[in-house]
Amino acid sequence: MSSERKNLILISTFYMLFFMAGGVISQYLPLFYSNVGFNYKAIGTILSIGSIASVIAQPFVASFSDKSNNKINIFRIIMISTFISVWFVFFSGNRYILMLIAASIFYGFSGCLQPLNDSIVIEMSKYKNYKYQTIRLLGSLGFAVMTAFTGIIVAKKIEYIFPMYAGIILSAFVISYFVPTVKTKKSHLSTAKFTELFKDKKFVFFLIYAFLLSITNAFFNSFQGIYSKEKGISLALIGIGSMIGSFSQFPAMAFFLKLNRKFGMKNLMLTAGIAYAVRWLLYATVLSSKTVLFLWATHGLTYILLFLCLVEYTRENIADELSTRALVLINLILFGISGITGSALGGLLSTAYGIKNVFFMCSIICIISALLFYWFYPVKSEKQESIINGNSK
């Protein structure tokens, strides 16, 4: 086996492990909170506090990472901190204040994992000529398989998610010492601030649209497991559904570049907004054990299209020295700030009106957002500032 192929296998495995960890924790941690006795409002608060901690931590970690010649060293610190802090959540049990503290620490560290993971792989794909979409597809495959497997395991005991998650993170830490790295040269952009990214008006327009849609997705991520369980859907079936949702993203990842060339980012992002609106309407009206797998299959038209469009725009238009901060900003929009809003507001609204009616509200938000995106889409992108695209004037 050639060294290049070996390196590709290592980086793909390393990348996939973090998606596998996400498959263990993302769908089932809210169920753990429910299982220990927290209500909708409390769960929403815990998740929003975690999102706040993540929003605060990510910019600092991104700045340190972009200024470092070797990002993997920063990544290792975050991995070990995540491995330790997940046990804080487990041992907090049903003690609400203690859980809020534990969740803020855990989400503060774990929320930095994926942006750093993406940054390292995207950077390597540029310099080593790897295809990012293929590695990203393998990540989703890991998430899909692990989500289904976890659903079967936690049907016996929900607490099993903690040793499973910790074990995966520890494995990634060990493998990180064998992963090839790219040492980048510093430039004047290494000291640039996050605000430099906002000079790109089209990028900002994309982020605002993604934020509005992601609020509804954050509500879904926080409460779909609880809602499905209330509808009589088993944890094993929820896990299989999540796996199907991950598999449904494969066509978008495999053919994204062709789709982007043929239809353009405007139409792809518009499709995501419309698909979100339809999906939430179906969750509000027809969710059952018979329909849940079909509803999960619609996942491939929503989040992944937004994510790939934003990442591709970053790859084409944002300088390498700002790439981690750009990816962190994308992550903050898709999960952080939207997570705070979707979880907290979703918890309050679910307590007052029920989860079903909140899904109706989410559908309305998405269709209005899609209409506004279509009407106000900038026909011509403004000229990029040299500090954004890395070109000299």
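On a predicted model such as this, the values are computed, not experimentally measured, just so you know.

1. Here we look at the overall build of the protein chain
And then number 1: Of the regular secondary structure elements, the protein chain holds 16 helices and zero strands.
And then number 2: Relative to its length of 393 residues, the protein chain is compact, with a C-alpha radius of gyration of 20 Å against a globular reference of 21 Å.
And then number 3: With the C-alpha coordinates of the protein chain rotated into their principal frame, the extents come out at 60 × 50 × 40 Å.
And then number 4: Taken over 393 residues, the protein chain has a buried fraction of 58%.
And then number 5: Carbon and sulfur atoms form 67% of the exposed surface of the protein chain, whose accessible area is close to 16500 Å².
And then number 6: Charged side chains in the protein chain number 34 positive and 14 negative. The centres of these two groups are separated by 6 Å.

2. Details of empty space enclosed by the protein
And then number 1: According to the stated counting rule, one finds five cavities of 30 Å³ or more in the structure shown.
And then number 2: In this structure, the largest cavity encloses a volume near 1200 Å³.
And then number 3: Taken together, 47 residues make up the lining of the largest cavity; nearest its centre are Gly22, Ile25, Ser26, Asn221 and Phe335.
And then number 4: Here the residues of the lining of the largest cavity sort into 22 nonpolar, 23 polar and two charged.

3. Re the layout of surface pockets
And then number 1: Taken as a whole, the largest pocket holds about 150 Å³ of empty space.
And then number 2: Elements with a minimum of two residues in the lining of the largest pocket: α6 (113-128), α7 (132-154) and α13 (303-317).
And then number 3: Top contributing element to the lining of the largest pocket by residue count: α13, with three residues.
And then number 4: Of the residues belonging to the lining of the largest pocket, the class tally is four nonpolar, three polar and four charged.

4. A few points about the packing of helix α9 (residues 201-230) against helix α15 (residues 355-376)
And then number 1: Packing of α9 against α15 leaves a shortest axis separation of 10 Å and a crossing angle of 160 degrees. By the angle between their directions, the pair α9 and α15 is classed as roughly antiparallel. Crossing handedness for the pair α9 and α15: left-handed. Counted together, Phe205, Phe206, Tyr209, Leu212, Leu213, Thr216, Phe219, Phe220, Phe223, Tyr227 and Glu230 of α9 and Ile355, Lys356, Val358, Phe359, Cys362, Ile365, Cys366, Ser369, Ala370, Phe373 and Phe376 of α15 form the full contact between these two elements.
And then number 2: A per-class count over the contact of α9 with α15 returns 18 nonpolar, two polar and two charged.

5. Topic: the pattern of salt bridges
And then number 1: For the structure on display, the rule yields one salt bridge.
And then number 2: In this structure, Arg315 engages Glu312 in a salt bridge whose closest nitrogen and oxygen atoms are separated by 2.9 Å. A residue pair is termed a helical-turn pair when its members lie 3 or 4 positions apart in one helix, as Arg315 and Glu312 do in helix α13 at three residues.

6. With respect to the nonpolar core
Note on soluble globular proteins: their nonpolar side chains tend to be buried together.
And then number 1: Core analysis: the biggest nonpolar cluster contains 120 residues, and Leu29 and Tyr33 have the highest contact counts within it.
And then number 2: At 14 residues, the largest contribution of residues to this core is made by helix α11 (residues 250-285).
And then number 3: In contact with Tyr33, other than residues within four places in its own chain, are Phe38, Ile43, Ile46, Leu47, Val89, Met99, Ala103 and Tyr107.

7. Looking at the packing of helix α4 (residues 71-92) against helix α5 (residues 96-110)
And then number 1: Two numbers describe how α4 lies on α5: the axes approach to 8 Å, and their chain directions differ by 160 degrees. Comparing their axes, α5 and α4 come out roughly antiparallel. Crossing hand, α4 versus α5: left-handed. Where α4 approaches α5, its residues Ile78, Ser81, Thr82, Ser85, Val86, Phe88, Val89 and Ser92 are matched on the opposing element by Leu98, Met99, Ala102, Ala103, Ile105, Phe106, Phe109 and Ser110.

8. Details of the side chain of Ser12
And then number 1: The residue Ser12 is located in helix α1 (residues 3-25) in this model.
And then number 2: By relative accessible area, which is 9% here, Ser12 ends up buried.
And then number 3: Excluding residues that lie within four positions of it along the chain, Ser12 makes contacts with Ile135 and Leu138.

9. Looking at the confidence of the model for the protein chain
And then number 1: For the protein chain, the average pLDDT comes to 86, and 92% of its residues sit at 70 or higher.
And then number 2: Below pLDDT 50 for its whole length, residues 187-191 participates in 13 contacts with residues either more than four positions away or in separate chains.
And then number 3: In the predicted structure, residues 381-388 sits below a pLDDT of 50 and forms 23 contacts with residues beyond four places in sequence or in another chain.

10. Some remarks on helix α14 (residues 323-353)
And then number 1: In the structure, α14 departs most strongly from a straight axis at Leu332, where the bend amounts to approximately 50 degrees.
And then number 2: Remark: Gly354 follows α14 within two positions and exhibits a positive phi of approximately 95 degrees.

11. Looking at the packing of aromatic side chains
By convention here, two paired aromatic rings are described through the distance between centres and the angle between planes.
And then number 1: Applying the stated criterion across every chain, the model contains 37 aromatic pairs.
And then number 2: Consider the rings of Phe203 and Tyr313, whose centres lie 5.9 Å apart with planes at 5 degrees: the pair is stacked. Of this pair, Phe203 sits in helix α9 while Tyr313 sits in helix α13; the two residues are 110 residues apart in sequence, bridging distant segments of the chain. We note that Phe203, like Tyr313, is buried.
And then number 3: Measuring from centroid to centroid gives 5.3 Å for Phe247 and Phe250, while their planes differ by 85 degrees, and the two rings are edge-to-face.

12. Notes on α11
And then number 1: With 36 residues, α11 should cover 52 Å at 1.5 Å per step; its first-to-last C-alpha distance of 27 Å lies more than 12% under that length.
And then number 2: At Gly264, α11 is bent by approximately 100 degrees, the largest bend along its length.

Cut-offs applied
- Residues numbered from 1 in each chain as written.
- Predicted model: local features only at pLDDT ≥ 70, side-chain atom pairs only at ≥ 80, totals over all residues.
- Heavy atoms only, no water.
- Helix = DSSP H or I, 4+ residues; strand = E, 2+ residues; numbered from the N terminus.
- Rg over C-alpha atoms; globule rule 2.2 N^0.38 Å.
- Buried < 20%, exposed > 50% of the residue type's maximum accessible area, 1.4 Å probe, protein only.
- Areas by Shrake-Rupley, 256 points an atom, 1.4 Å probe, with all protein chains shown as cover.
- Lys, Arg positive; Asp, Glu negative; His and termini not counted.
- Charge placed at Lys NZ, Arg CZ, Asp CG, Glu CD.
- 1 Å grid on protein atoms, 1.4 Å probe; cavity = no way out; pocket = protein on both sides within 12 Å on 5 of 7 lines; lining within 4 Å.
- Points joined across faces, edges and corners; volume = space filled by probe spheres on them.
- Nonpolar A, V, L, I, M, F, W, Y, C, P; charged D, E, K, R; others polar.
- Axes fitted to C-alpha atoms, helices over the stretch in contact; angles between N-to-C directions.
- Parallel < 35°, antiparallel > 145°, perpendicular 65-115°, else oblique.
- Left-handed = near helix turned anticlockwise from the far one by under 90°.
- Contact = heavy atoms within 4.5 Å.
- Salt bridge = Lys/Arg side-chain N within 4 Å of Asp/Glu carboxyl O.
- Core = buried A, V, L, I, M, F, W, Y, C linked by side-chain atoms within 4.5 Å.
- pLDDT = per-residue confidence, 0-100.
- Bend = angle between axes of the 7 residues up to and from the residue.
- Phe/Tyr/Trp six-rings, centres within 6.5 Å; stacked < 30°, edge-to-face > 60°.
- Expected span 1.5 Å × (residues − 1).

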